[in-house]
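Structural overview
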Amino acid sequence: MVWFEWQVATRFLREGKTQTLLIASGIALGVAVIVFISALVTGLQGTIIKRTLGTQAHIVITAPDKVLLPSVTDGTIFRNIQPRPQIIEPILNWPLLLKQLQLEPTLKAVSPLVSGAAFAIRGQADKTVSILGIDPVAYTKIIPLEENLKAGQLRLNNDEAVIGRRLADDLGIRVGDRMNIVTSSNRSLAVRITGIFELGVKDLDKRWVFLSLRSAQNLLDLNGQITGIDLQVKSLFDAEIISQRLQNHYGIKAESWMSSNEQLMTALKSQTASTTLIRFFVLISVAFGIASVLAIAVVQKQKEIGILRAMGMSQHSVLAVFLIQGGLLGMFGSLLGALGGMGLGKMFGFFARNAAGEPLFELALTSELILSTTIIATLTGLIAAAMPAYRAAKLDPVQAIRYG
Amino acid sequence: MTDVLKVEKLNRYYGEGDTQTHVLKDVSFSLKKGEFTALVGQSGSGKSTLLNLIGLLEQPSSGEIYLTEQKISTLSEQQRTQLRNHALGFVFQFHHLLSAFTAIENIMMPLKIRGIAENKLRPRAQSLLAKVGLENYAERYPTQLSGGQQQRVAIVRALMTQPALVLADEPTGNLDTQTADSIFTLLRQINQEDGTAFLIVTHDTNLAARCDRQLILKDGVLL
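These remarks concern the structure in this document. (Residues numbered from 1 in each chain as written. Chains lettered and ligands numbered in written order. Predicted model: local features only at pLDDT ≥ 70, side-chain atom pairs only at ≥ 80, totals over all residues.)

**A word on the overall build of chain A**
This is how the line gets drawn: For helices the rule is a DSSP run of H or I covering at least 4 residues; for strands it is a run of E covering at least 2, with both sets numbered from the N terminus onward. It is over C-alpha atoms that the radius of gyration is taken, and the globule rule equals 2.2 Å times the number of residues to the power 0.38. Whether a residue is buried, exposed or partly exposed follows from its count of other C-beta atoms within 10 Å of its own C-beta, namely 20 or more, 12 or fewer, or something in between, respectively; the C-beta atoms are built from the backbone. With C-beta atoms placed from the backbone, a contact is any residue pair whose C-beta atoms sit within 7 Å.
The helix and strand tally for chain A stands at 14 helices and 10 strands. Taken over C-alpha atoms, the radius of gyration comes to 32 Å for chain A, far larger than the 22 Å a tight globule of 404 residues would show. For chain A, the C-alpha atoms occupy an extent of roughly 105 × 65 × 40 Å along the three principal directions. Taking all 404 residues of chain A together, the buried fraction comes to 39%. Residue pairs in contact within chain A that sit at least 24 positions apart in sequence constitute 81% of those at least 6 positions apart.

Okay, here's the thing in structure tokens:
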């Protein structure tokens, strides 16, 4: 039965060719804007997040903070409480925790970490640095250190270190040179530099010194313990939820990238909200466009509807004819629009380049985005057609034939 | 012979209160199978209203209509729509063909509404077109046909479903005398060959006189 309504609908659309093309281009324009702006914002956010997380783990696990336990429990109210200093606290029973975390289905990578403060000394020069004791294989799954290596290699045997480019410059170090690391408790270690990295973040390139887990443990007097675990999650934006769950479940302190980059998150969220708003209003105007064109079409086709009804076409069929028209307009227009949006994106990618001629960021023109936009626009067409279609179905055939 | 149509004490009012007009007053008559009847009357006499009521496009204020022995007042909107499709054929004064469809598609329309596939309808549509001398015009659009040709297509469309009764509202009103005459002859011929009953609204007393029977409506009363 639907085949017949389909045929009538397409014939009507084809008969009003100019009208159909006009509204289809209107829809196309709207959809192109939606596709382009979505791809732009998603791409931009993706780039920002990628840059941010290029130097950060998704979740960092540390031992829980020391809290003050009042020795009096008789309801005394304390006027002044001196907070405790937080010393570096090792994670208890870490090999077991590590194994358990490796089995978590929401996590992609797990990497043990030993961190602490020290001085790097070469000749007369000394610099404050952060010691990071890592397992290179596990750690590169968290932060792509190997990709950012400027010289040497990522090799961390005992007494070997990988440092940042700026620290190397400050101390006049090249791969193969030696330097001393001294901690506040006066332990020292002479290391040979096997690699120099550049993450592009000045502070990190100045401070980070990578050692093997064992060297760092010895240097910081940790005796086989670790101070943190870096985690990579499978779904980026679930990091906060996952970190809270891990925190409650394992009794450790877990901080996600989302809570340690609160400002970034706020910016991303408001960006997403404004995009959603733009998409919503564009969609609404598309819907109004379809509705008004179909409302006119109903008036134009009054006579035809009356004749069809006189010949025994049911109200349902008339309804279907106009719903199909709305859906088709939405679909046809949005397919055109998706192409337009992709074209806009390509053009943008061509012009928006940095000085080196590299694109500033990748547009996220996914087939998923195009498919979902097309489906939503088609549904919008159907919904927009509902009112005119209902009016067409309720048309009095006598009036329609007489005055049409 | 069975009655194709029976109308009993039909009344139709328009409007309410002081402005209420009584358009049809106790109209009763019946049409037998294969009867070729003219409905005459001046404009404003209630002809169109009566035709719309019989065509199930409007509902009477009171009275009853039996179409192919089915009592209309008890039918739902859906059932009336279906009965209209099965029992009735319409020929309007202005051909009222659908401009987006070719002649043959227009002819097949009432049966396509029923959901019958086009390829099953084509042979019959083609032979009906041949019967009215339009076998070479099947793929033309209505705007590419002359007034007489359009009206013949419209008549063929009304006959496509082999209805018991064809309702024709001034079928020749918009045509020159010669064409009007040929259209009337065609209707008469179909009536005699297929035994289809016709109820033809007309101004033309000449044409009316050539019918089996004349129903004369004056101020809403059947004389």
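**Some points on the packing of helix H12 (residues 315-351) of chain A against helix H13 (residues 367-394) of chain A**
Residue and element names in this part refer to chain A. Operational definition: In this analysis an axis means a line fitted to C-alpha atoms, helices contributing only their contacting stretch, and an angle means the value between N-to-C directions, from 0 to 180 degrees. Any angle that is under 35 degrees is reported as roughly parallel, and any over 145 degrees as roughly antiparallel; angles of 65 to 115 degrees are reported as roughly perpendicular and all others as oblique. Two helices cross in a left-handed way if the nearer one is turned anticlockwise from the farther one by less than a right angle. They cross in a right-handed way if the turn is clockwise. Charged residues are taken to be Asp, Glu, Lys and Arg, nonpolar residues to be Ala, Val, Leu, Ile, Met, Phe, Trp, Tyr, Cys and Pro, and polar residues to be all remaining types, Gly included.
The interhelical angle for the contact between H12 and H13, taken along N-to-C directions, is 150 degrees, at an axis separation of 7 Å. Taken together, the axes of H12 and H13 are roughly antiparallel relative to one another. By crossing handedness, the relation of H12 to H13 is classed as right-handed. Here the residues of the contact of H12 with H13 sort into 18 nonpolar, 12 polar and no charged.

**What to know about the interface of chain B and chain A**
Interfaces are often described in size by the accessible area the parts lose on coming together. Facing 21 residues of chain B, the contacting portion of chain A comprises 17 residues. Of all elements in the fold, only helix H2 (77-87) and helix H3 (103-113) of chain B reach the threshold of two or more residues within the side of chain B that touches chain A. The element best represented in the side of chain B that touches chain A is H2(B), accounting for 5 residues. The residue makeup of the side of chain B that touches chain A, split by class, is 9 nonpolar, 9 polar and 3 charged.

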